[in-house]
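Here is how the chains run, residue by residue.
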Amino acid sequence: MKERLTGFILLMAIWLGLSIEGRAATRIHSPAATPLTITFSANDPDNPTVAGNSAATITFTTTSGSNTNAWQVQVQATSANFASCPNALPVSKVTVTCVSATVGNGGTAACSAPSALSTTLRTVASGLEGSGGGNTSYSVTLSFTFTDSWGYIATPSGAPCTIGLNYVITAN
Amino acid sequence: MKSSQSLPKPHLRAGLIAVAAFGGILAGPLGHSDTATVTQTLNAQLAATGKVSVPVSISLTATGAAFSPYTGSLTVNYRVRSTTTGIGGSITVQSTAEFAPSGGPTVASGVLAYTCSGATLGTGCSGTAAMSLVSATNVLTIPASACTGGGGSCSSANPNTVTTNFSLVDDPTYKTGSYSASITFTISST
């Protein structure tokens, strides 16, 4: 009996090791966010919703992905308020909306609901990876809107308020 | 005659189990998740600007004594934001059409004047100013770094207001009747 149990444990351990070792890890390649800078030109607080001058596009590829593994793109602001502003301008006044998300090689992609920017990571798109040994391409397009107010002191021309964004791409 | 194949000895079995389990752990979930981070910048350019509004019309009324001036007050509503480096801004007023019909007072003769009071953001005009057809005259001076509403570095009032108090000379040479003139308020900000 002891010998049978020992043999069973031995076989299970070997099987577990082989089953995990046999699948290569998903790797992310060529991540990019374009353009470098998106600008809100706020000219009339009585029309407070100001669109960014460009959509943002996040692209990357993966190798050794699996249709059963998840991927996601998250965004976070580097601080709670814009920098170089004459008075406080919270980053929460900016809303990010996923416009589209695509993935090849049998993967899936879905946009998350719009959300206000924050120093907390917000998921903007996610899905299941494309599979296969070759490159799988991913693309996520985001739009940004800023809510203007008479309560913000004007900025001198050429000296805007500014804030950084981090996009964190994860492939499991 | 029976024969049986014997299993490895106990210490050897334990070693095989340990090696297999260790190999399984090494090949486990470690390294199966990959992450990458890319960055972007958002800029917000907030233009200096202002909005002003006034009632469509006001009536100047006699104050009682014969040939005493006609008077009336008008509240100017405004919202404004100015930069930290500019010269601020202003609200000005100018007559855009003479009194009509003729035979009564005229803006050109300087009989229509105003004073300012009660500004909730900026400084109202000082003293008495005569309305002009040829140039805008000051109602309010707006400082740099101005903003409307919310308190703190901005005004608490939203909208902001300043009152213009008009006075029109009642000259006995004027023919009896009703007369009207047009005036325009303009706001600017830098």
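One structure accompanies this document, and this report is about it. All of these numbers come straight from a predicted model, not from anything done at the bench. (Residues numbered from 1 in each chain as written. Chains lettered and ligands numbered in written order. Predicted model: local features only at pLDDT ≥ 70, side-chain atom pairs only at ≥ 80, totals over all residues. Heavy atoms only, no water.)

### Considering the nonpolar core
Part 1: Residues A:Leu142, A:Phe144, A:Tyr167 and B:Leu42 are the most contacted members of the largest nonpolar core, which totals 42 residues.
Part 2: At six residues, the largest contribution of residues to this core is made by strand S11 (residues 161-171) of chain A.
Part 3: Here A:Tyr167 is in contact with A:Ala33, A:Ala56, A:Ile58, A:Val73, A:Gln74, A:Val75, A:Leu142, A:Phe144, B:Ala36, B:Thr37, B:Val38 and B:Gln40, once residues within four sequence places are set aside. (Core = buried A, V, L, I, M, F, W, Y, C linked by side-chain atoms within 4.5 Å. Buried < 20%, exposed > 50% of the residue type's maximum accessible area, 1.4 Å probe, protein only. Helix = DSSP H or I, 4+ residues; strand = E, 2+ residues; numbered from the N terminus. Contact = heavy atoms within 4.5 Å.)

### Remarks on unusual backbone geometry
Part 1: Cis peptide bonds are those with omega within 30 degrees of zero, and the linkage from B:Ala100 to B:Pro101 qualifies with -5°.
Part 2: By the element assignment, B:Pro101 lies in the loop between strand S5 (89-100) and strand S6 (112-117).
Part 3: The residue after B:Asn158, namely B:Pro159, is reached through a cis peptide bond having omega 5°.
Part 4: Relative to the assigned elements, B:Pro159 resides in the loop between strand S9 (137-142) and strand S10 (160-168).
Part 5: In this structure, A:Ser84 takes a positive phi of about 65° despite not being glycine.

### Brief notes about the sheet that holds strand S11 (residues 180-189) of chain B
Residues and elements named next belong to chain B.
Part 1: Across the sheet, which stays open at both edges, the four strands sit in the order S7-S9-S5-S11 with antiparallel pairing between neighbours. Of all the strands in the sheet, the pair left with one neighbour each is strand S7 (123-124) and S11.
Part 2: Of the pairings in the sheet, the one linking S7 to S9 comprises two bridges and is antiparallel in character. Looking at the pairing, Gly124 lines up with Leu140 of S9. (Pairing = 2+ DSSP bridges.)

### Quick look at the state of the cysteines
Residue and element names in this part refer to chain A.
Part 1: Enumeration according to the criterion identifies four disulfides over all chains in this entry.
Part 2: A sulfur-sulfur separation of 1.8 Å characterises the disulfide bridge that pairs Cys85 with Cys161. For the disulfide bridge between Cys85 and Cys161, the dihedral angle about the S-S bond is near 125°, and by the sign convention the bridge is right-handed. Placement of Cys85 in the loop between strand S5 (70-77) and strand S6 (94-103) and of Cys161 in strand S11 is noted, with a sequence separation of 76 residues between them. Each member of the pair Cys85 and Cys161 is classed as buried.
Part 3: The disulfide partner of Cys98 is Cys111, and the gap between their sulfur atoms is 2.0 Å. The disulfide joining Cys98 to Cys111 has a torsion of about -50° about its S-S bond and is therefore left-handed. One end of the pair, Cys98, is in strand S6; the other, Cys111, is in strand S7 (residues 110-111), and 13 residues separate them in sequence.
Part 4: Among the residues examined, Cys98 registers a relative accessible area of 11% and is labelled buried.
Part 5: We classify Cys111 as partly exposed; its relative accessible area is 35%.
Part 6: Ordering the disulfide-forming cysteines of chain B by sequence position, one finds them joined as 1-2, 3-4.
Part 7: What connects to what in chain A, once the bonded cysteines are numbered by sequence position, is 1-4, 2-3. (Disulfide = S-S within 2.5 Å.)

### With respect to the packing of aromatic side chains
Residue and element names in this part refer to chain A.
Part 1: The final tally for this structure, using the stated rule, is six aromatic pairs over all chains.
Part 2: Between Phe60 and Tyr138 the ring centres are 4.4 Å apart and the planes differ by 10°, which places this aromatic pair in the stacked class. With Phe60 in strand S4 (residues 56-63) and Tyr138 in strand S10 (residues 136-147), this residue pair connects regions lying 78 residues apart in the sequence.
Part 3: Look at Phe60 and you get buried, because its relative accessible area is 2%.
Part 4: By way of ring pairs, the aromatic residues Phe40, Phe146 and Tyr152 are connected into one cluster. (Phe/Tyr/Trp six-rings, centres within 6.5 Å; stacked < 30°, edge-to-face > 60°.)

### Describing the interface of chain A and chain B
Interface extent is often summarised as the accessible area lost during association of the parts.
Part 1: In this assembly, 66 residues from chain A lie in contact with 44 residues from chain B.
Part 2: Surface buried jointly by chain A and chain B totals about 4,600 Å² across both partners, of which 59% is contributed by carbon and sulfur atoms.
Part 3: Inspection of the chain A/chain B interface yields three salt bridges.
Part 4: Two residues, A:Asp46 and B:Lys51, come together in a salt bridge whose shortest N-O distance is 3.0 Å.
Part 5: Across the contact surface, chain A and chain B share 30 residue pairs in polar contact (both at pLDDT 80 or more).
Part 6: At the level of elements, helix H1 (2-21), strand S1 (27-34), strand S2 (37-42), S4, S10 and S11 of chain A are the ones that each hand at least two residues to the side of chain A that touches chain B.
Part 7: At 11 residues, the largest contribution of residues to the side of chain A that touches chain B is made by S11(A). (Buried area = accessible area lost by both parts, 1.4 Å probe. Salt bridge = Lys/Arg side-chain N within 4 Å of Asp/Glu carboxyl O. Polar contact = N/O pair within 3.5 Å; in protein donor to acceptor, adjacent residues only side chain to side chain.)

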